[in-house]
Amino acid sequence: MPRQMTCPSCGEAENLEGRRGDAGIVVTCESCHAQWPRDIPYTCATCGGGDIHTRPRALTQYSRGTQLSIVGLHWVPLCAVCDADMLARANQQKPVPGQYEPAAVRERRGDDGDDATNTLILPR
Ligand SMILES: [Zn+2]
Ligand SMILES: [Zn+2]
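Computed from a prediction, not measured in an experiment: that's the story for all the values here.

Our focus in this paragraph is the coordination of the zinc ion (ligand 1). At this site the zinc ion (ligand 1) is bound by C7 (SG), C10 (SG), C29 (SG) and C32 (SG), with donor distances of 2.3 to 2.4 Å. Donor residues binding the zinc ion (ligand 1) come from one chain and are separated in sequence as C-x2-C-x18-C-x2-C. Placement of C7 in the segment before β1 (16–21) and of C32 in the loop between β2 (24–29) and β3 (35–37) is noted, with a sequence separation of 25 residues between them. The class for C32 is partly exposed, based on a relative accessible area of 29%.

All right, on to the pattern of salt bridges then. Throughout the structure, instances matching the rule amount to four salt bridges. With a closest N to O distance of 3.7 Å, E101 and R106 form a salt bridge. Owing to a relative accessible area of 53%, R106 belongs among the exposed residues under this scheme.

Within the first shell, the zinc ion (ligand 2) binds the protein through C44 (SG), C47 (SG), C79 (SG) and C82 (SG), at distances of 2.2 to 2.4 Å. All donor residues of the zinc ion (ligand 2) come from one chain, and their arrangement in sequence is C-x2-C-x31-C-x2-C. The pair formed by C79 and C82 is uniform in burial state, with each residue classed as buried.

All right, on to the pairing of β2 then. Both β1 and β2 contribute to a ladder of six bridges, which runs antiparallel. Considered in β2, the bridge of G18 is made with V27. For β2 and β3, the ladder comprises three bridges, and the chain directions are antiparallel. Of the residues in β3, the one forming a bridge with V26 is P37. Connecting β2 to the antiparallel partner β3 that follows it, the hairpin turn spans five residues, and H33 within it adopts a positive phi of roughly 70 degrees.

Moving on to the confidence of the model for the protein. The predicted model of the protein averages 80 in pLDDT, with 73% of residues at 70 or higher. Here helix α2 (residues 115–121) stands out as the element of the protein with the lowest mean pLDDT, 47, in contrast to helix α1 (residues 84–90), whose mean of 96 is the highest. This stretch, residues 66–70, has a pLDDT under 50; its non-local contacts, to residues over four places away or in other chains, come to two contacts.

The rules we used
Residues numbered from 1 in each chain as written. Chains lettered and ligands numbered in written order. Predicted model: local features only at pLDDT ≥ 70, side-chain atom pairs only at ≥ 80, totals over all residues. Heavy atoms only, no water. Donors = N, O, S within 2.8 Å, 3.2 Å for Na, K, Ca; no water. Helix = DSSP H or I, 4+ residues; strand = E, 2+ residues; numbered from the N terminus. Buried < 20%, exposed > 50% of the residue type's maximum accessible area, 1.4 Å probe, protein only. Salt bridge = Lys/Arg side-chain N within 4 Å of Asp/Glu carboxyl O. Pairing = 2+ DSSP bridges. pLDDT = per-residue confidence, 0-100. Contact = heavy atoms within 4.5 Å.

See below:
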């Protein structure tokens, strides 16, 4: 079954355009100018869980090039478990910092105090 893609910001399903960028294909919503990676993971890269939430990210690291005038929000996937703190922050209408690397996208090692979470989930 083909994947139905919709804008995480406004729900638009048809006026979407993909463009290839440095980090893969980025989809832009023609209705509200939100942008997000086309290949949002279904499962978390760190814990393998499927509770992925897409949240807006601040535009600090994408302001290169020529399109400064029409950029909209960028959206990033956050794992409800591994990115819980950032997700809670995003749920208070605070954008995800541009430097933040979601554990849902790139596997996070348990070297910053998250050992308990990782130990519980890792298979033996
Ligand atoms: Zn939209
Ligand atoms: Zn996770």
